[in-house]
Amino acid sequence: LTGPACRLGAGTAFMDNKVFLFGGDATHDDGQNLFTNILSVGTIALEKGANAKGIEKGDDITWMNPEVTGDIPPARSDFLMTIMDFGVQKMIVVYGGFDKHGNVLDDMYCLDTEKFEWTCMYASDASTMPPLPISAFVQK
């Protein structure tokens, strides 16, 4: 994989020299725009030890689309995405957003970043959500 398609409204998270990219409105090679629920993971080659440096433009990134299992979230755009670090277990959390028809999504999914397994933590029909919700997620 040379890199993921251009995306609008996608979520990104950085953990352990990896960039996790999920969802959004993707522009494919044939010019089609499609809402997606594909997970792309980019591994950044960083030097360790005395020559260690931060991430810089032009760093080598190897991309893959891992096979995911479990409760795979539906395609979405403009959602919240963050990481949860429990020490031994690290997860990515996805909350809300909009589906391809512009309907509000009121749900939360967690991705186990070792097993690439999704778990639905919460889902509703969004009937109690305001028409243009503003969301925030705070981890303490």
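Further up the page is the structure itself.
These notes cover the structure that comes with them.

1. Remarks on unusual backbone geometry
Residues apart from glycine generally show negative phi values, whereas peptide bonds are mostly found in trans. Not every positive phi belongs to a glycine, and D16 is a case in point at roughly 50°. Tracing the backbone shows D16 in the loop between strand 2 (11-15) and strand 3 (18-22). Overall, D16 belongs to the partly exposed group, its relative accessible area being 47%. Positive phi outside glycine occurs at F116, with the angle close to 55°. Structurally, F116 can be placed in the loop between strand 11 (107-112) and strand 12 (117-123).

2. Details of the sheet that holds strand 4 (residues 25-27)
Reading across from one edge, 1-4-5 is the order of the three strands in this open sheet, with antiparallel pairing throughout. Here the strands that pair on one side only, and so sit at the sheet edges, are strand 1 (6-8) and strand 5 (33-35). Adjacent strand axes in the sheet meet at a mean angle of 30°, parallel and antiparallel pairs treated alike. Where strand 4 and strand 5 come together, three bridges link them in antiparallel fashion. In the sheet register, T27 faces strand 5, and the bridge partner there is N33.

Calculation criteria
- Residues numbered from 1 in each chain as written.
- Predicted model: local features only at pLDDT ≥ 70, side-chain atom pairs only at ≥ 80, totals over all residues.
- Heavy atoms only, no water.
- Helix = DSSP H or I, 4+ residues; strand = E, 2+ residues; numbered from the N terminus.
- Buried < 20%, exposed > 50% of the residue type's maximum accessible area, 1.4 Å probe, protein only.
- Pairing = 2+ DSSP bridges.
- Axes fitted to C-alpha atoms, helices over the stretch in contact; angles between N-to-C directions.

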